[in-house]
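Observations on chain architecture
Next come the chains, spelled out residue by residue.
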Amino acid sequence: MSYCRETEYEIVPDESFSVIRGCAGCGRKTHYVNTGKFRVNTNGNQLDVWLIYQCEKCKHTFNLTVYERQSVSCISKEEYDRFLANDESLAQQYGRDLAFFRRQRAEIDYGRMRYAAVRRRDSGDNKAGTCMLTIQNPYGYKIRTEKQIALITGLSASRIKRMMQEGMIEVQCLTSQGITVIFK
């Protein structure tokens, strides 16, 4: 009887996305980082909320729109209070939301992004046989296959690449959103 251990990981950001954008203060493209603060403006029954980003060098700011001309009744009281309190966890949540940045058409700097692999599921001990590893990449980070596997296993990327060439590791499914790997 052969057992197959199945383990699933997800690559998640350690911090908010950094944005590349032209800076009026610096006069060139620079990196902007999440300040962890919101700007809230209420005019009558209309609400505007922005997440504030700041140039690393000159501290010039720009706002990413969270809500624009939204009816106050459409937002929960709890979320509204969190905006007013500059809730750091809410700012980080928006700062890691890829769909939010796509709506803003913001240029994310993936090269500076720090990330970690978090175990989501593990089928248990592997008595004998093969091991299947699935790595989900929901943020679409551009990370080489061998580097993703090395992140999980603790082996070097060059060792993983050699094992792939020798047939000890077989990549079964490879997409921008994840990979499935079989260890023989």
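This text goes with the structure placed above it.
Read on for an overview of the structure. (Residues numbered from 1 in each chain as written. Predicted model: local features only at pLDDT ≥ 70, side-chain atom pairs only at ≥ 80, totals over all residues. Heavy atoms only, no water.)

**Quick look at the overall build of the chain**
We count it as follows: Helix numbers and strand numbers start at the N terminus; a helix is a DSSP run of H or I with at least 4 residues, a strand a run of E with at least 2. With the radius of gyration taken over C-alpha atoms, the globule rule is written as 2.2 Å times the number of residues to the power 0.38. Working rule for contacts: check all heavy atoms of both residues, and any pair within 4.5 Å makes them a contact. Within this scheme the basic residues Lys and Arg register as positive and the acidic residues Asp and Glu register as negative, but His and the chain ends are omitted. For the purpose of locating charges, the reference atoms are NZ of Lys, CZ of Arg, CG of Asp and CD of Glu.
A tally of helices and strands in the chain yields 5 helices and 10 strands. Taking 184 residues into account, the globule formula puts the C-alpha radius of gyration at 16 Å, and the chain, at 21 Å, lies well above it. On the principal axes, the C-alpha backbone points of the chain span a range of 70 × 40 × 20 Å. Partitioning the intrachain contacts of the chain with sequence separation of at least 6 by distance along the chain shows that 62% fall at a separation of at least 24. Here the chain contributes 28 positively and 21 negatively charged side chains, and the mean placements of these two sets differ by 6 Å.

**Details of the pairing of strand S9 (residues 169-175)**
Defined as follows: Only strands joined by at least two bridges in the DSSP assignment are considered to pair.
As paired elements, S9 and strand S10 (residues 178-183) share 6 bridges and run antiparallel to each other. Directly across from Leu 174, in S10, lies its bridge partner Ile 179. Hairpin geometry of S9 and S10 is characterised by an intervening segment of 2 residues between the two adjacent antiparallel strands.

**Focus: unusual backbone geometry**
The phi dihedral of Lys 59 is positive, around 70°, even though this residue is not glycine. Mapped onto the elements, Lys 59 comes out in the loop between strand S4 (46-55) and strand S5 (61-71). If you check the backbone angles, Arg 69 has positive phi at about 50° while not being a glycine. Considering the arrangement of structural elements, one finds Arg 69 in strand S5.

**Thoughts on the packing of helix H4 (residues 145-153) against helix H5 (residues 157-165)**
Basically, it comes down to this: Note on geometry: axes are C-alpha line fits, over the in-contact stretch for helices, and angles between N-to-C directions span 0 to 180 degrees. An angle counts as roughly parallel when it lies under 35 degrees, as roughly antiparallel when it exceeds 145, as roughly perpendicular when it falls between 65 and 115, and as oblique in every other case. Helix crossings fall into two classes, left-handed where the near helix is turned counterclockwise from the far one by less than a right angle and right-handed where it is turned clockwise. Lys, Arg, Asp and Glu make up the charged group, whereas Ala, Val, Leu, Ile, Met, Phe, Trp, Tyr, Cys and Pro make up the nonpolar group; the residues left over, Gly among them, are polar.
Direction vectors running N to C along H4 and H5 enclose 115°, while the axes themselves pass 8 Å from each other. Between H4 and H5, the interaxial angle falls into the category roughly perpendicular. Where H4 crosses over H5, the handedness of that crossing is right-handed. Only Ala 157, Ile 160, Lys 161 and Met 164 of H5 make contact with H4, whose side of the interface consists of Thr 145, Glu 146, Lys 147, Ile 149, Ala 150 and Thr 153. Among the residues making up the contact of H4 with H5, the classes are represented as 5 nonpolar, 2 polar and 3 charged.

**Overview of the pairing of strand S1 (residues 5-13)**
Pairing geometry for S1 and strand S8 (residues 131-136), over 6 bridges, is parallel. By the bridge assignment, Glu 8 is partnered in S8 with Thr 134. Direction of pairing for S1 relative to strand S7 (residues 115-122): antiparallel, over a ladder of 7 bridges. Paired with Ile 11 across the bridge in S7 is Ala 117.

**Points about the side chain of Ser 71**
Condition: Under the rule applied, a polar contact is a pair of N or O atoms within 3.5 Å (in protein, one hydrogen donor and one hydrogen acceptor; residues adjacent in sequence only if both atoms are side-chain atoms).
Along the chain, Ser 71 falls in strand S5. Of the polar contacts made by the side chain of Ser 71, one reaches the side chain of Ser 73; its length is 3.0 Å.

**Considerations on the nonpolar core**
Worth spelling out the cut-off: In these notes, a set of buried Ala, Val, Leu, Ile, Met, Phe, Trp, Tyr and Cys residues joined through side-chain atoms within 4.5 Å is what counts as a nonpolar core. Buried means the residue's accessible area, taken with a 1.4 Å probe over protein chains only, is under 20% of the maximum for its type, while exposed means over 50%, and partly exposed covers the values in between.
Among the nonpolar cores identified, the biggest contains 41 residues, and Phe 38, Leu 51, Val 66, Tyr 94 and Phe 101 are the most heavily contacted of them. Ranked by residues supplied to this core, first place goes to S4 with 5 residues.

**With respect to the sheet that holds strand S6 (residues 107-108)**
Pairing is antiparallel in the open sheet, where 5 strands are placed in the order S5-S4-S3-S2-S6. If you trace the sheet from one side to the other, it starts and ends with S5 and S6, each paired once. The pairing of strand S2 (residues 19-23) with S6 spans 2 bridges and is antiparallel. Across the sheet, Val 19 pairs through a bridge with Ile 108, a residue of S6. Docked against the sheet, helix H2 (residues 88-95) engages strand S3 (28-43), S4 and S5, running at close to 125° with respect to S3.

**What about the side chain of Ser 16?**
If you trace the backbone, Ser 16 turns up in the loop between S1 and S2. On the basis of relative accessibility, which here comes to 10%, the residue Ser 16 falls in the buried class. At 2.9 Å, the side chain of Ser 16 forms a polar contact with the side chain of Asn 34. Ser 16 has contacts with Asn 34, Tyr 53, Ala 91, Gln 92, Gly 95, Arg 96 and Met 113, leaving out every residue within four places of it along the chain.

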